[in-house]
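Read off the chains here:
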There are 2 protein chains.
Amino acid sequence: MEFLTDEKLLIVGAAGMIGSNMAQTAMMMHLTPNICLYDPYAPALEGVAEELYHCAFEGVNLTYTSDLKEAFTGAKYIVSSGGAARKAGMTREDLLKGNAKIAEDFGKNVREYCPDVKHIVVIFNPADITGLITLLYSGLKPNQVTTLAALDSTRLQHELVKALNVPASEIVNCRTYGGHGEQMAVFASTTLVNGKPLTEVIGTEALPENAWNELKQRVIQGGKHIIDLRGRSSFQSPAYISIEMIAAAMGGKPFTWPAGCYVNNDKFQHIMMAMETTIDKNGVSYKMVNGTAKEKAELEESYKHLCTLRDEVIEMGVLPPIDKWHDLNHNID
Amino acid sequence: MEFLTDEKLLIVGAAGMIGSNMAQTAMMMHLTPNICLYDPYAPALEGVAEELYHCAFEGVNLTYTSDLKEAFTGAKYIVSSGGAARKAGMTREDLLKGNAKIAEDFGKNVREYCPDVKHIVVIFNPADITGLITLLYSGLKPNQVTTLAALDSTRLQHELVKALNVPASEIVNCRTYGGHGEQMAVFASTTLVNGKPLTEVIGTEALPENAWNELKQRVIQGGKHIIDLRGRSSFQSPAYISIEMIAAAMGGKPFTWPAGCYVNNDKFQHIMMAMETTIDKNGVSYKMVNGTAKEKAELEESYKHLCTLRDEVIEMGVLPPIDKWHDLNHNID
């Protein structure tokens, strides 16, 4: 059996629906023989591990533990879905505060037990914020931490497939940048449908303006739609895509859907958000995309929204003020 | 993207936990670009399909439908997890009757819409009985229908890994035959642990007789144990293993864990049960295994239990008496 690497992959939150799917996906994709599952909830974690042992994957060394030190020590790649879910009676702020704290602890564990980790993918909500907190507390370099952001783009692609009745392969460079859901910025000018910019399709009979606006709303509500249909949050797509991201960092097929990454340039400062990115064995790199004036304004809007959220976390005291970030992580300017 | 085949794979019961995992597994294993998901419960089915579209698998033609005719027409390979779950207040007999009827309809649909199907894997409980009913009503040949039976063997292997502290790769030919759970027959004499028959390990300090009996009980209770730990029935292992079975029938890596298959020889008559099998592109073939007298007696016991269950289904009127089976399916002697 060939593997991409023999280095240790740690899956955090492995007892959950997303984490357990990640574990199965990683084993099926032959990423590495050394997979460790971590979750604080030991019984369900054991149940997941047992299920995977019963699959009888050959040549793998699957371990599981609820001991943080044991889990993180020696990990070279980590995917974390280990946040809390929003519960009845919780405000959005409660959830933000809870997950921000989980991300802080996660970053600190990385710094303490596996400072030589090569890449981390963070997917618990709000991922741009939890990823940013993880980056700062872990002490890693910006190219070593990414967040799951591709689902808005893949959902947009699938909505276009349905609306225009063209195969997915004919919808090229379908991308949303910035934040998620309401805050995402769709770059239709750089998306090609049958070789034609999507901007030239919008407003025609094939896709009238109002149909396009409704389509965008469906993308924004994509996660909620899955809950309505299945009676549970989406778990297969976030699990599969985040494992594709870590596979790329291990030297597998480069991942070219947008990923959330740390950005600090003349346009956007001290933020983690979805950009035009590539993940490969050098980690994540991004480039700026030249959209229309309207698209750029939308991205600016999205960036500002993320800044507000970031500042809220600073206000909470989970993150220090920006001018102290370098003290916390010397890899951040 | 290379696929094992381009023929249509149908997944029946795709809206459930097992079926949706099967669909993702089949896509990840690149079995075929033509995958169709069927489930009578349309909203959840759409939710599963949407999740898989959002994974953005390349080069696949994933379709879904709650229309039986559309689903079955042209299918060359089918995996069905499409039974009912046992609900509160239902007796075992209610469940048997319900799933027997579902299997009858399933077989009839195959006969009507896709008589040229090449292989079917049936996994809904009791699989040996639902598989037998499917075989009879579909009109297929015995080598074309198999049932999921490997989990008892993989669970036994994993329990031995834990008890003896040896890697899974050193536990060779670990097998249970006959029925499932309480009725399974463990062939310890043909299992090798570090090159030594398991029968020679049982009763030694490494595995005292009472520890072996407790271990067997854990295997028998393996499914229940997953429910206790995870709070839900096992779904990842049955999904993954059944897709490995259909992959083998498509010409992938031969499947050599035990599968349930139709047996009618001088020892066992008119029954479907787990045997020493190989699934490859010629379908399933089995051979008789020579165990100890005690092992053979256990298998005989297991066979008798399955006969009782089969006769119960005949009694219910779902299956005709054995002497009429040939009229129902000319491929059955």
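Residues numbered from 1 in each chain as written. Chains lettered and ligands numbered in written order. Predicted model: local features only at pLDDT ≥ 70, side-chain atom pairs only at ≥ 80, totals over all residues.

(A) The arrangement of the domain arrangement of chain A in detail. All names here are of chain A. Domain assignment breaks chain A into domain 1 (8-149) and domain 2 (150-241 + 246-312). Taking the mean C-alpha position of each, domain 1 and domain 2 sit 24 Å from one another. With 30 residues of domain 1 at the contact, the number on the domain 2 side is 32 residues. If you list the elements that add at least two residues to the side of domain 1 that touches domain 2, you get α1 (17-28), β4 (75-80), β5 (119-122), α5 (127-138) and β6 (145-148). The element best represented in the side of domain 1 that touches domain 2 is α5, accounting for six residues. For the side of domain 1 that touches domain 2, the class distribution of residues is 20 nonpolar, eight polar and two charged. (Domains from an automatic or database assignment. Contact = placed C-beta atoms within 7 Å. Helix = DSSP H or I, 4+ residues; strand = E, 2+ residues; numbered from the N terminus. Nonpolar A, V, L, I, M, F, W, Y, C, P; charged D, E, K, R; others polar.)

(B) Structural view of the sheet that holds strand β10 (residues 192-193) of chain B. All names here are of chain B. With antiparallel pairing, the three strands of this open sheet are ordered in space as β7-β10-β11. Both edges of this open sheet fall to β7 (171-172) and β11 (196-197), since each of them pairs with a single strand only. Across two bridges, the pairing between β10 and β11 is antiparallel. Looking across to β11, one finds that Val193 is bridged to Lys196. (Pairing = 2+ DSSP bridges.)

(C) Representation of the sheet that holds strand β11 (residues 196-197) of chain A. Strand order in the open sheet formed by three strands is β7-β10-β11 (chain A), with antiparallel pairing between adjacent strands. The open sheet terminates on both sides in strands that have one partner only, identified here as β7 (171-172) and β11 of chain A.

(D) A look at the environment of B:His30. Residues and elements named next belong to chain B. Tracing the backbone shows His30 in the loop between α1 (17-28) and β2 (34-38). What makes His30 partly exposed here is the crowd of 16 C-beta atoms within 10 Å. Along the sequence, His30 and Val166 sit 136 residues apart, while their C-alpha atoms lie 33 Å from each other. (Buried ≥ 20, exposed ≤ 12 C-beta atoms within 10 Å, placed from the backbone.)

(E) Summary view of the relation of the copies chain B and chain A. When chain B is fitted to chain A, the residual RMSD is 0.0 Å, and the transformation amounts to a turn of 180° plus an axial shift of 0.0 Å. On this basis, the relationship between the two copies can be described by a two-fold rotation axis. Here 100% of the interface residues in chain B have copies in chain A that are interface residues too; the copies meet face to matching face. (Least-squares fit on C-alpha atoms with pLDDT ≥ 70 in both.)

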